[in-house]
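Structure at a glance
Residues per chain are reported as follows:
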Amino acid sequence: MTSTTRLTVAQALVRFLSAQYTERDGTRHRLIGATWGIFGHGNVAGIGQALVEYGDVMPYHQGRNEQAMVHAAVGYARQSGRLSTHAVTTSIGPGATNLVTGAALATINHLPVLLLPGDVFAARPADPVLQQLEVPYAGDVSVNDCLRPVSRYFDRITRPEALIPSALQAMRVLTDPVETGAVTLALPQDVQAEAYDWPEEFFAERTWVVRRPGADPTELAEAVRAIRGARRPLLVAGGGVHHSRAEAALAEFAAVTRIPVASTQAGKGSLRFDDPQDVGGVGHTGTATADELARTADLVIGVGTRYTDFTTASGTLFAHPDVRFLNLNIAPYDGHKLAGMPLIADARSGLMELTAALDMHAYRVGASYVAEYTEDKERWEQRVDACYEADEPDVRPTQPQVLGVLDALVDESDVIINAAGSLPGDLHKLWRARSRDQYHLEYGYSCMGYEIPAAIGVKLAAPERHVWALVGDGTYLMMPTEIVTAVQEGVAIKVLLVQNHGYASIGGLSEETGAERFGTAYRHRAADGTFTGAPLPVDLAANAASLGMRVLRAKTVSDLREALAEARDADTPTCVYVETQTADTVSGPPPAQAWWDVPVAETATRPSAVKARELYERHVSTRRRHL
């Protein structure tokens, strides 16, 4: 007879999650490392009580914002190589809907996170309950259904026994390298507290093997033929290189073939910046070196990339008339993009197989091609030096000079986190990545507010590392809440807060597209009704200090050097606040090296919009569909 244990649904779920593990390459990891939670009437007596009951096996972190809790879990998952993640529990109503942005971010970036929102009563003893959305045409819909399109797996547990198959499916998706993303188990508040006799087998330790599929022999042979026939191949490294831990395999492939390697935002750091074959970021925010190689490449080898519009310059970058695409990707959906030749495999397995086959044929790109990209890379590095250089150390720095000071301070142990604003463009062009996981850019969803909670997640996953959240004033104002969490738990993140009085990135884009920087400055309203008055008297450094963080103010380049060094050595959460000046032509970042499609008004009377439309039409005319 099968032995059983009587527990509530919430207790059973917490106990089940504590017994789940992943394994890859012979190394075992706990799958759900902890649970984040904010409690309300929809989860306090269910999941909340269960976390008290099983606090010895399930660590708990107290968040301040539900979206931020998901960001922290995602940061932890990415730093853990997708082999471990966190769960996030909320009440019903706004607590649940606040998860949607974080869930979208996780799913778009293929990063696992388990969401456990409370839900309305399954038994409907009172209808409606507090915070319930009434839907006249459907009795089985709640606000949690907002999470369906942004989840890789969704289920509502309306009976205790339904948890068993659903929980197992949830773990399958979380650990699937193709399917992984946000997984949502919506938990009606009455069901959470309902008891059931659970089979003991449900709580047995389970190990989910994260597979590394190799390439199909036919696809591999075709890929080898394509590379051997190419004269100007370019490899584009995407986030899949990092997810697979394929950095060493990529370095070996590049060393054997001498094919240059460009990187997307997610793939930057796949090779060290000083690797001979690394040519930097590619696409709209890429380097001149990588983008010129992309324009003339006859074969583009995409490894673990989704080919977003930033990478392809909205379909204008890969301009060689006979360009072909070879896509090494574990996901067939991405492997077939741009009418590419698919090589469906794990990035590390596929690269190792390609390297062995090409080495057997003694394949190398031509010496003149190597000399060309090597010289171009040296010229680009000189441009980076010029951006970073601060001839006058006693003046306010430009944003690139801020990055230059940080670049001179860090080593392989530092992790740099960013997601939105003008910083991603500067970082992609200029940052010199020193290790496989130093460069942590969330640019799949480019979500303002990601950086600070993600830094907490990264630091929890790698407490020995120096973890920096780089945020502008716009991003900071979106979500500074988890500073309180970092202070409460003693998570010694470093926040580099850059004040430039508005949405710098969108302000520039607005000007380029004829919208004249409308609504992008943080300034008082002027007499003409526009926001062009004096900067707002907002003291973000004081705000961070009021939340419990130690704050160091830097007014000059010299101040910044001292403050960043002091922050790096700090063992408590520390913020460095610096106000930047407008970049000039010498020290400012290089302009975009490739286009990005943001449609401009087709009809307008203002000269700025008319001019922008003319330029837009010239760029659009260069777009091509790769068929």
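These notes cover the structure that comes with them.

Analysis parameters
Residues numbered from 1 in each chain as written. Predicted model: local features only at pLDDT ≥ 70, side-chain atom pairs only at ≥ 80, totals over all residues. Heavy atoms only, no water. Helix = DSSP H or I, 4+ residues; strand = E, 2+ residues; numbered from the N terminus. Rg over C-alpha atoms; globule rule 2.2 N^0.38 Å. Buried < 20%, exposed > 50% of the residue type's maximum accessible area, 1.4 Å probe, protein only. Contact = heavy atoms within 4.5 Å. Areas by Shrake-Rupley, 256 points an atom, 1.4 Å probe, with all protein chains shown as cover. Lys, Arg positive; Asp, Glu negative; His and termini not counted. Charge placed at Lys NZ, Arg CZ, Asp CG, Glu CD. Pairing = 2+ DSSP bridges. Axes fitted to C-alpha atoms, helices over the stretch in contact; angles between N-to-C directions. Salt bridge = Lys/Arg side-chain N within 4 Å of Asp/Glu carboxyl O. Disulfide = S-S within 2.5 Å. Parallel < 35°, antiparallel > 145°, perpendicular 65-115°, else oblique. Left-handed = near helix turned anticlockwise from the far one by under 90°. Nonpolar A, V, L, I, M, F, W, Y, C, P; charged D, E, K, R; others polar. Phe/Tyr/Trp six-rings, centres within 6.5 Å; stacked < 30°, edge-to-face > 60°. Lys NZ or Arg CZ within 6 Å of the ring centre and 35° of its normal. Core = buried A, V, L, I, M, F, W, Y, C linked by side-chain atoms within 4.5 Å. Patch = residues over 30% accessible without salt bridge, like charges linked within 9 Å, V, L, I, M, F, W, Y side chains within 5 Å.

**With respect to the overall build of the protein chain**
Regarding its fold elements, the protein chain presents 24 helices and 23 strands. Against the globule reference of 25 Å for 627 residues, the protein chain gives a C-alpha radius of gyration of 25 Å, in line with a compact fold. Every one of the 627 residues in the protein chain was classed for burial, and the buried ones make up 58%. Across the protein chain, every contact between residues at least 6 apart in sequence was considered, and the portion connecting residues at least 24 apart equals 77%. Working note: accessible area of the protein chain is about 24900 Å², and carbon and sulfur atoms make up 52% of it. Within the protein chain, one finds 57 positive and 75 negative side-chain charges whose respective centroids are separated by 3 Å.

**Some thoughts on the pairing of strand E16 (residues 324-329)**
Most of E16 is tucked away: 5 of the 6 residues are buried. In this sheet, E16 lies alongside strand E15 (residues 299-303) in parallel orientation, the contact comprising 5 bridges. Bridging across to E16, Val-300 finds its partner in Phe-325. The pairing of E16 with strand E17 (residues 341-344) spans 4 bridges and is parallel. Across the sheet, residue Leu-328 finds its bridge partner in E17, namely Leu-343.

**Things to note about helix H21 (residues 504-512)**
Taken as a whole, H21 has its buried residues at Gly-507, Gly-508, Leu-509 and Ser-510. Two residues or fewer after H21 comes Gly-514, characterised by a positive phi angle close to 85°.

**What to know about the sheet that holds E17**
Pairing is parallel in the open sheet, where 6 strands are placed in the order E14-E13-E12-E15-E16-E17. Each end of this open sheet is capped by a strand with a single partner; those strands are strand E14 (278-281) and E17. Averaged over all pairs of adjacent strands, the angle between their axes in this sheet comes to 20°, without regard to strand direction. As defined by bridge partners, strand E13 (residues 261-263) adjoins E14 across 3 bridges and the pair is classed as parallel. Within E14, the position partnered with Ala-262 by the bridge is Gly-280. The strands touched by helix H8 (residues 217-228) are E15, E16 and E17; relative to E17, the strand with the most contacts, the crossing angle is about 130°. Strand contacts of helix H11 (residues 288-296): strand E12 (233-237), E13 and E14, with the helix running at about 100° to E14, the strand carrying the most contacts.

**Thoughts on helix H16 (residues 399-409)**
Counting buried positions over the 11 residues of H16 gives 9, a clear majority of the element. For H16, the full list of buried residues reads Gln-399, Pro-400, Gln-401, Val-402, Leu-403, Gly-404, Val-405, Leu-406 and Asp-407.

**Topic: the pattern of salt bridges**
A side chain with one charge may pair with a side chain of the opposite charge, provided their charged atoms come close. Scanning the entire structure with this criterion turns up 34 salt bridges. Of the charged contacts, one joins Asp-145 and Arg-156 as a salt bridge, the two residues approaching to 2.8 Å between their closest N and O atoms. Here Arg-156 lies in strand E8 (residues 153-156) and Asp-145 lies in the loop between strand E7 (113-119) and E8, a separation of 11 residues in the sequence. When sorted by exposure, Asp-145 lands in the same class as Arg-156, which is buried. Between Asp-346 and Arg-212 there is a salt bridge, with its nearest N and O atoms 3.0 Å apart. Within this pair, whereas Asp-346 is found in the loop between E17 and helix H14 (347-360), its partner Arg-212 is found in the loop between strand E11 (206-209) and H8, the two being separated by 134 residues in sequence. Like Asp-346, the residue Arg-212 is buried in the burial classification. Among the charged side chains, a salt-bridge network with shared partners connects Asp-25, Arg-212, Asp-346 and Arg-348.

**Remarks on the sheet that holds strand E5 (residues 60-62)**
What links the strands of a sheet is backbone hydrogen bonding, and the strands pair in either a parallel or an antiparallel sense. An order of E5-E4-E6-E7-E9-E8 is seen for the 6 strands of this open sheet, with the pairing classed as parallel. Of all the strands in the sheet, the pair left with one neighbour each is E5 and E8. With direction set aside, neighbouring strand axes in the sheet form an average angle of 20°. Bridge count between strand E6 (residues 85-90) and E7: 4 bridges; the pairing is parallel. The residue of E7 that forms the bridge with Val-88 is Leu-115.

**Looking at the state of the cysteines**
In this structure the tally under the stated criterion is 0 disulfides. Of all cysteine sulfurs, the one in Cys-447 lies closest to Cys-575, which takes part in no disulfide; the gap is 20 Å. What makes Cys-575 buried here is its relative accessible area of 1%.

**What to know about the packing of helix H10 (residues 247-257) against H14**
Interhelical geometry of H10 versus H14 gives an angle of 20° and a closest axis separation of 9 Å. Classified by the interaxial angle, the pair formed by H10 and H14 is roughly parallel. Every pair of crossing elements has a handedness; the one defined by H10 and H14 is left-handed. Two secondary-structure elements touch here, H10 through Ala-249, Leu-250, Glu-252, Phe-253, Val-256 and Thr-257 and H14 through Arg-348, Leu-351, Met-352, Leu-354, Thr-355, Leu-358 and Asp-359. Of the residues contributing to the contact of H10 with H14, the split by class is 8 nonpolar, 2 polar and 3 charged.

**A closer look at the packing of aromatic side chains**
In this structure the tally under the stated criterion is 12 aromatic pairs. A centroid spacing of 5.2 Å and a plane angle of 70° characterise the contact between Phe-310 and Tyr-443, whose relative ring orientation is edge-to-face. In this pair, Phe-310 sits in helix H12 (residues 309-312) while Tyr-443 sits in the loop between strand E19 (439-441) and helix H18 (451-461), placing the two residues 133 residues apart along the sequence. Residue classification places Phe-310 among the buried residues on the basis of a relative accessible area of 12%. Look at Tyr-443 and you get partly exposed, because its relative accessible area is 23%. Over the face of the ring belonging to Phe-203 we find Arg-15, whose NZ or CZ atom lies 4.3 Å from the ring centre.

**Notes on the nonpolar core**
Ile-227, Leu-235, Phe-253, Ile-301 and Leu-351 are the most contacted members of the largest nonpolar core, which totals 53 residues. Other than its neighbours up to four places away in sequence, Ile-227 contacts Phe-253, Ile-259, Leu-299, Ile-301, Leu-326, Leu-354, Leu-358 and Tyr-363. Grouped together as the second largest cluster of nonpolar side chains are 47 residues, Val-74, Leu-147, Ala-182 and Leu-497 included.

**Some words on a nonpolar patch on the surface**
A contiguous nonpolar patch, built from Phe-39, Val-44 and Tyr-60 and spanning about 240 Å² of accessible area, is present on the exposed surface. Inspection of the secondary structure assignment puts Val-44 in helix H2 (residues 44-53). Val-44 sits in the partly exposed class, given a relative accessible area of 43%.

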